[in-house]
Amino acid sequence: MSSNERSQQKELRSGSVQEEDWSSHQAPGQPEPRASEAAPSTLEIAVQNAKSYLLLASSKTGLNLYDHLSNVLTKILDEHPENAVDIIENISQNVKMAHFSKKLDTLQSENEMLPTYEIAERQKALFLQGHLEGADQELEDEIAENSLPNVMESAFYFEQAGVGLGTDETYRIFLALKQLTDTHPVQRCRFWGKILGLEMNYIIAEVEIREGEDEEEMEEEDAAETEERDNGECDADKDEEDELPKSFYKPPQAIPKEESRTGANKYVYFVCNEPGRPWVKLPPVTPAQIVTARKIKKFFTGRLDAPIISYPPFPGNESNYLRAQIARISAGTHVSPLGFYQFGEEEGEEEEEVESGRDTFEENPDFEGIQVLDLVESLSNWVHHVQHILPQGRCTWFNPIPKHEEEEEEDEEKEEKEEPDYIEQEVGPPLLTPISEDLEIQNIPAWTTRLSSSLIPQYATAVLRSNLWPGAYAFSTGKKFENFYIGWGCKYSVDNYTPPVPPPVSQEYSSGPEITEMDDPSVEEEQAFRAAQEATELAAQDSEESGEDEDDDN
């Protein structure tokens with residue numbers, strides 16, 4: 001024991017002895033001294049300050065250290081564990097956990113619904129379908145003409161190529177697609193693929209709606225756009241009432257989106273995070289969204305309403321960005337064997353179609369198939385059957401300066417001399433172009449072909465993999481083919497991604513006499529100006545009087 005500890009014990013003992021002597025000498029009937037008379041010592045003040053500090057409650061849990069240490073010591077003294085100093089951390093953790101344990105103060109214990117059980121309950125409804133025994137003829141005809149694809153057959157061929165989602169997940173997706181076709185007016189449905197996300201994934205279905213069913217939705221969208229325009233006009237009227245200065249800047253004309261069933265909006269896409277969850281229809285894509293999506297690179301979160309924070313700013317949320325990436329991936333990776341599709345006989349006769357390129361095709365009934373080895377050896381036997389997206393963001397060129405507007409703006413020719421009067425039309429590869437003409441990526445071919453099995457080539461399938469969009473695959477058995485995508489939805493780039501440089505800073509407005517501030521005149525200059533004004537007014541009055549006198553003489 002150290003000398004300091006011994007001295008402290010002596011002081012405590014002497015203090016206690018003095019208290020006993022003082023209490024013994026005090027008369028029994030004499031009242032005790034008041035608290036105000038006995039001043040607290042420094043030790044008592046330090047103890048009170050320490051206790052008040054230990055009683056401070058945590059802002060997160062509401063507990064305090066004083067009660068926690070008391071509970072820990074009580075637990076140790078009640079249980080008498082061996083080597084308590086070695087397990088005091090565990091004892092402290094158990095005491096904390098006891099405060100947060102769920103109190104079963106109800107008659108029946110509440111069952112917690114974990115996310116795994118919740119999705120299992122949702123997927124259970126996919127398997128509860130009625131049997132087909134005793135079905136009438138109309139139902140059988142409807143089933144025969146059903147638009148549901150055979151996802152399991154395509155998954156079988158992709159599994160041979162080493163690509164797929166597994167039998168269990170594929171079958172759940174198969175049932176989810178059946179639910180989609182049963183609840184929506186679908187004419188044709190196809191499993192597009194799966195895009196991975198940081199929080200949740202997207203299962204994507206490519207759908208072609210029956211004719212006439214989507215007209216109401218298009219009318220609603222047009223009505224919403226007209227309302228936005230009306231609101232903008234109302235705001236402009238308010239600005240005119242306030243007589244604010246007007247800007248002479250004319251923004252460039254916005255490129256309109258392609259109509260439904262044409263170009264990048266040829267198909268409608270539905271997405272869900274898990275089979276069994278509700279399908280959500282993605283909005284149509286606009287050229288501005290495609291142009292901006294080419295300049296940024298973002299991972300998906302799995303939430304359609306998540307904002308896209310990027311530079312340049314993306315016009316929309318994650319649902320719009322997802323739709324733009326689907327359009328880009330489809331245009332670059334959806335391929336088919338040469339000769340499977342052909343142009344119709346009526347197409348190509350009109351001049352407009354020849355200039356803009358053919359945008360429709362049909363299945364070739366006389367297609368006899370291509371040998372698998374030929375599909376693997378030559379990329380010329382594969383063609384793109386989805387239109388190329390121009391740098392403008394559309395599949396068909398839109399001229400932002402029509403001819404009739406140029407005639408109306410003849411008065412403003414001087415102002416428009418600096419701007420080009422003619423914009424060169426953008427042209428892309430036509431439909432059904434062989435993939436052998438695709439550009440290479442620094443001596444890396446855009447596509448890689450192989451056989452699904454080199455041991456048994458006579459029963460193997462041709463597998464095509466995109467190097468430009470990692471995760472895009474296609475297979476063909478000669479007559480059958482299918483496209484599939486599973487990945488992060490990002491395009492391959494040789495260099496690491498770097499955000500684009502901000503635009504250069506605008507130059508200052510050129511100074512001139514019309515905007516230069518004048519110096520305030522002096523008193524002498526003001527007096528001279530007033531005298532000049534009075535002289536001119538007197539001269540004008542004299543001239544008027546002399547004119548009236550001449551009229552009277554006449």
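Residues numbered from 1 in each chain as written. Predicted model: local features only at pLDDT ≥ 70, side-chain atom pairs only at ≥ 80, totals over all residues. Heavy atoms only, no water.

A. Seen up close, the nonpolar core. Residues Trp 192, Ile 195, Tyr 202, Ile 204, Leu 322 and Ile 326 are the most contacted members of the largest nonpolar core, which totals 29 residues. Of all the secondary structure elements, the ones that give two or more residues to this core are strand S1 (186–195), strand S2 (202–209), strand S3 (268–272), helix H10 (287–293) and helix H11 (318–333). Sorting elements by how many residues they give to this core places H11 first, with seven residues. The residues contacting Trp 192, other than those within four sequence positions of it, are Ile 204, Ala 205, Glu 206, Tyr 269, Ile 326, Ile 329, Ser 330, His 334, Asn 483, Phe 484 and Tyr 485. In this structure, Phe 158, Phe 174, Ile 203 and Val 207 belong to the second largest nonpolar core, which totals 24 residues. (Core = buried A, V, L, I, M, F, W, Y, C linked by side-chain atoms within 4.5 Å. Buried < 20%, exposed > 50% of the residue type's maximum accessible area, 1.4 Å probe, protein only. Helix = DSSP H or I, 4+ residues; strand = E, 2+ residues; numbered from the N terminus. Contact = heavy atoms within 4.5 Å.)

B. Seen up close, the pattern of salt bridges. In this structure the tally under the stated criterion is nine salt bridges. Here Lys 194 ties to Glu 169 by a salt bridge, and the two come within 2.7 Å at their closest N and O atoms. In this pair, Lys 194 sits in strand S1 while Glu 169 sits in helix H8 (residues 167–183), placing the two residues 25 residues apart along the sequence. The class for Lys 194 is buried, based on a relative accessible area of 10%. When the shortest N-O distance is used, the salt bridge between Glu 206 and Arg 188 registers 3.4 Å. Placement of the pair is Glu 206 in strand S2 and Arg 188 in strand S1, with a sequence separation of 18 residues. Put simply, Arg 188, Arg 190, Glu 206, Glu 208 and Glu 482 are held in one network by salt bridges that share partners. (Salt bridge = Lys/Arg side-chain N within 4 Å of Asp/Glu carboxyl O.)

C. Inspection of a nonpolar patch on the surface at higher detail. On the surface, Leu 198, Phe 299 and Trp 488 cluster together into a nonpolar patch covering about 340 Å² of accessible area. One can find Leu 198 in the loop between S1 and S2. (Patch = residues over 30% accessible without salt bridge, like charges linked within 9 Å, V, L, I, M, F, W, Y side chains within 5 Å. Areas by Shrake-Rupley, 256 points an atom, 1.4 Å probe, with all protein chains shown as cover.)

D. Representation of the sheet that holds strand S4 (residues 280–281) in the model. Strand order in the open sheet formed by eight strands is S4-S3-S2-S1-S12-S11-S10-S9, with mixed pairing between adjacent strands. Of all strands in the sheet, those with a lone pairing partner are S4 and strand S9 (447–451), marking the two edges. Bridge count for S9 against strand S10 (residues 462–466) is five bridges, and the pairing is antiparallel. Note on S10: the bridge partner recorded for Arg 450 is Val 463. Packing of helix H7 (residues 151–160) onto the sheet brings it into contact with S1, strand S11 (472–476) and strand S12 (481–487), and relative to S11 it is tilted by some 95 degrees. Its contacts with the sheet place H8 against S1, S2 and S3, and it is angled at close to 145 degrees to S1. (Pairing = 2+ DSSP bridges. Axes fitted to C-alpha atoms, helices over the stretch in contact; angles between N-to-C directions.)

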